[in-house]
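These are the residues of each chain, in order.
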Amino acid sequence: MKSKFAGSQSDDLVARAQAVKGAQVLAASLEGADAKTLRETLDKLKDKLKSAAIVLAAVADGKVTLIAGVTPDLTAKIKAGELVNMVAQQVGGKGGGRADMAQAGGTEPDNLPAALESVAAWVEQRL
């Protein structure tokens with residue numbers, strides 16, 4: 001059921017992506033998603049958006065789970081590990097991973113909306 005949920009939410013999320021210097025940028029929080037659902041949704045979004053930097057987040061039990069994905073055409077300029085770490089630092093955590101996919105966690109969910117807001121500007125500086 002959660003993967004079905006990921007599929008239906010990815011369509012709504014595609015509509016929320018912002019164009020930044022020719023790439024799509026999306027930063028969103030998914031209600032009730034677990035790490036696996038975030039990963040599945042991220043993969044679907046990368047397929048649909050083609051050229052994109054994406055950060056997805058979920059909050060459960062006072063903890064923030066973050067995942068970032070960058071499509072292969074952008075990894076020379078934007079590293080998912082750096083992107084997820086920038087967001088994680090704002091929510092009291094840290095993370096890292098590969099250039100195309102990275103995960104992080106944090107303990108300050110109240111800071112999440114502002115942290116997600118900062119993604120587009122961060123990406124724009126690097127493109």
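What you see is a predicted model; the values in this text were computed from it and never measured. (Residues numbered from 1 in each chain as written. Predicted model: local features only at pLDDT ≥ 70, side-chain atom pairs only at ≥ 80, totals over all residues. Heavy atoms only, no water.)

### A word on unusual backbone geometry
Then step 1. A positive phi angle is found at K21, which is not glycine, with a value near 50°.
Then step 2. The residue D61 is not glycine, and still its phi comes out positive at about 50°.
Then step 3. Along the chain, D61 turns up in the loop between β3 (52-60) and β4 (63-70).
Then step 4. A residue is classified by how much of its surface remains accessible, and D61, at 81% relative accessible area, is exposed. (Helix = DSSP H or I, 4+ residues; strand = E, 2+ residues; numbered from the N terminus. Buried < 20%, exposed > 50% of the residue type's maximum accessible area, 1.4 Å probe, protein only.)

### A few points about the pairing of β3
Then step 1. Extensive coverage of β3 is indicated by the burial of 7 of its 9 residues.
Then step 2. Alignment of strand β2 (residues 23-29) against β3, held across 6 bridges, turns out to be parallel. Opposite L26, over in β3, you have I54 as the bridge partner.
Then step 3. Hairpin connection between β3 and β4: a loop of 2 residues separates the two successive antiparallel strands, and D61 in this loop has a positive phi of roughly 50°. (Pairing = 2+ DSSP bridges.)

### Examining helix α5 (residues 119-126)
Then step 1. Burial in α5 covers these residues: V119, A120, W122 and V123. Buried residues along α5 cover an arc of 160° about the axis, so they all sit on one side.
Then step 2. Contact partners of the buried residues in α5: β1 (18-20), β2, β3, α3 (80-90) and α4 (112-117). (Arc of directions from axis to C-beta. Contact = heavy atoms within 4.5 Å.)

### Topic: the side chain of S51
Then step 1. Tracing the sequence through the fold places S51 in the loop between α2 (35-49) and β3.
Then step 2. Given a relative accessible area of 16%, S51 falls into the buried group.
Then step 3. Only 2.5 Å separates the side chain of S51 from the side chain of D73, close enough to count as a polar contact.
Then step 4. Those residues in contact with S51 that sit more than four places away from it in its chain are G22, A23, Q24, T71, D73 and L74. (Polar contact = N/O pair within 3.5 Å; in protein donor to acceptor, adjacent residues only side chain to side chain.)

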